[in-house]
Amino acid sequence: MAKYTKEDIKRFAEEQNVRYLRLQFTDILGAIKNVEIPISQLDKALDNEMMFDGSSIEGFVRIEESDMKLYPDLDTWVIFPWTSDKGKVARLICDIYKPDGTPFAGDPRSNLKRVLQEMNDLGFSDFNLGPEPEFFLFKLDEKGEPTLELNDQGGYFDLAPTDLGENCRRDIVLELEDMGFDIEASHHEVAPGQHEIDFKYADAITACDNIQTFKLVVKTIARKHNLHATFMPKPLFGLSGSGMHFNVSLFKGPKENAFFDESGDMQLSDDARHFIAGIMKHARGFTAVCNPLVNSYKRLVPGYEAPVYVAWSGQNRSPLIRIPSSRGLSTRVEVRSVDPAANPYMALAVILQAGLDGIKNKLEAPAPVDQNIYEMNREEREAVGIEDLPSTLYTAIKAMREDGLMKEALGEHIYRQFVRSKGIEWDMYRLQVSEWEIEQYLKHY
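Residues numbered from 1 in each chain as written. Predicted model: local features only at pLDDT ≥ 70, side-chain atom pairs only at ≥ 80, totals over all residues. Heavy atoms only, no water.

Under the annotation held in an unreviewed UniProt entry, the protein chain carries the name Glutamine synthetase and is attributed to Macrococcoides goetzii. Entered under Subunit (unreviewed entry) in the UniProt record, the comment concerning the protein chain runs "Oligomer of 12 subunits arranged in the form of two hexagons. In its feedback-inhibited form, interacts with TnrA in order to block its DNA-binding activity." (UniProt positions renumbered as here; feature names shortened; annotations may be inferred.)

Here's the deal with the pairing of strand β15 (residues 319-322)
As judged from the three bridges shared by strand β14 (residues 309-313) and β15, these two strands associate in the parallel manner. Of the residues in β15, the one forming a bridge with Ser313 is Arg322. Sheet topology note: the β15/strand β16 (residues 333-335) ladder contains two bridges and is antiparallel. Within β16, the residue paired with Arg322 across the bridge is Glu334. (Pairing = 2+ DSSP bridges. Helix = DSSP H or I, 4+ residues; strand = E, 2+ residues; numbered from the N terminus.)

Remarks on the domain arrangement of the protein chain
Structurally, the protein chain comprises domain 1 (6-104) and domain 2 (114-436). Computed over C-alpha atoms only, the centres of domain 1 and domain 2 are separated by 28 Å. Each partner contributes to the interface: domain 1 provides 20 residues, whereas domain 2 provides 21 residues. Summed over both sides, the interface of domain 1 with domain 2 buries roughly 1,600 Å², with 63% coming from carbon and sulfur. Broken down residue by residue, the surface that domain 1 buries against domain 2 is led by Ile28, Pro81 and Trp82, which jointly contribute 37%. If you look at where domain 1 meets domain 2, you find zero salt bridges. At the junction of domain 1 and domain 2, the tally comes to five residue pairs in polar contact (both at pLDDT 80 or more). When contributions to the side of domain 1 that touches domain 2 are tallied by element, the ones reaching two or more residues are β1 (18-26), β5 (78-79) and β6 (88-97). Here the residues of the side of domain 1 that touches domain 2 are counted per class, giving twelve nonpolar, five polar and three charged. (Domains from an automatic or database assignment. Contact = heavy atoms within 4.5 Å. Buried area = accessible area lost by both parts, 1.4 Å probe. Salt bridge = Lys/Arg side-chain N within 4 Å of Asp/Glu carboxyl O. Polar contact = N/O pair within 3.5 Å; in protein donor to acceptor, adjacent residues only side chain to side chain. Nonpolar A, V, L, I, M, F, W, Y, C, P; charged D, E, K, R; others polar.)

Digging into the nonpolar core
Phe127, Phe246 and Leu250 are the most contacted members of the largest nonpolar core, which has 93 residues in total. Looking at which element gives the most residues to this core, the answer is helix α8 (residues 344-360), with eleven residues. Structurally, this core is a two-domain feature, drawing no fewer than three residues from each of domain 1 (6-104) and domain 2 (114-436). Not counting the four nearest positions on each side in its chain, Leu250 is found in contact with Met119, Phe124, Asp126, Phe127, Glu256, Asn257, Ala258, Phe259, Phe275, Leu352 and Ile359. (Core = buried A, V, L, I, M, F, W, Y, C linked by side-chain atoms within 4.5 Å. Buried < 20%, exposed > 50% of the residue type's maximum accessible area, 1.4 Å probe, protein only.)

What about the UniProt feature "binding site: Mg(2+)" (unreviewed entry) in the protein chain?
If you check UniProt for "binding site: Mg(2+)" (unreviewed entry), the listed places come out as Glu132, Glu134, Glu189, Glu196, His245 and Glu334 in our numbering. Among the secondary structure elements, Glu196 is positioned in strand β10 (residues 194-199). Discounting chain neighbours no more than four positions away, the residues touching Glu196 are Glu132, Pro133, Glu134, Arg169, Ala185, Ser186, His187 and Glu189. Looking at the element boundaries, Glu334 is found in strand β16.

As for the environment of Thr395
If you trace the backbone, Thr395 turns up in helix α10 (residues 393-402). Along the sequence, Thr395 and Thr287 sit 108 residues apart, while their C-alpha atoms lie 9.5 Å from each other. Polar contacts involving the side chain of Thr395 include one to the main-chain amide nitrogen of Ser391, which spans 3.3 Å.

Some remarks on α10
Every buried residue of α10 is accounted for by Leu393, Ala396, Ile397, Ala399 and Met400. Across the axial projection of α10, the buried residues extend over an arc of 160°, all falling on one side. More than 90 degrees from the buried face of α10, the exposed residues found are Arg401 and Glu402. Where α10 is buried, its residues contact α6 (270-290), α7 (296-299) and α11 (404-430). (Arc of directions from axis to C-beta.)

Below, the structure is given as structure tokens:
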């Protein structure tokens, strides 16, 4: 990762004719927020003196303690390639601090850094993440509003002319590469209108920054193609939903993957097995964070490739955790439940904290399950100790409240605000009367 100085940033801005700077951060619900300033304010921003009103951001603070400072991370400097030559727009991703110079507890990015420090204290140097975000492309209507009309009828790995999203997807990849992304694969997914672009793994903070940047680029470029890109987990009934599998690995220095042991069973280390055990122990507890919408649970159902059961395997794609076949430095644990609506900083914090709990307490992972769990009945699953993931946002919040580690992973502030916000979301949903109910019941009762 580049290590930029303030002087570098000033030089880049001048050489590239940057006129505006967006100071970006992410709120508790995963939305990207930004304060845009003219480049004349660059010195003030680089000196961590830019203030904003935290009370206007969902889940941040009350009015009486609203002043917040933005501390830009200089290594996140990027110029948006689609902005005009007359005046380009650049961005810096920021951590949020209180006026007294201490990190703000409600900032998901700063919170992840806190959990990473705990990882460092246990003797690990890095936590790497390779995400696999999926999204749908829908046509816009004449008013520029999203429709539910797909722009293709392609399927998994299809090519044009079936995959009409290919040009849009190619433009997205080109923009991302211009911004320094290392794209590994880009293809049509299982459902019509569904796409996946995989980029190279990175350290935890950089990878989460990349996810947020990726979402912004995908939505921006889609609109230029008169399309709407959505990361909603299940936009259409009867089709596969969108996931964001997290491929994670712990390192002890640049050349030692802590999950790899050449002589271990499946060439997995004890740390890898303890980590898997921690994930399984806390899977129900962290589901609300990794699947944060009412709609997320329409994806987590049997029959559509999304995981529903808490189990792990080396080859099987039906459990929560899969161990991809690569070994050596590429040994990793794939957590398959995460969806792209999740706040990546918070999702990674709860997954890391769960895994570290397994390592600290030397938790034992059960035997891997290599048969198709979807074909097992409830008795067969219970016989081998396979739990279900929560089936609604309500049960997920309940499971989160029952798992004390989640408050530890998110900190009191984020935990409290997240649970409160999601409780309101569930109540709003619960009180709605749906079309399905009208169709099913109006005539019969």
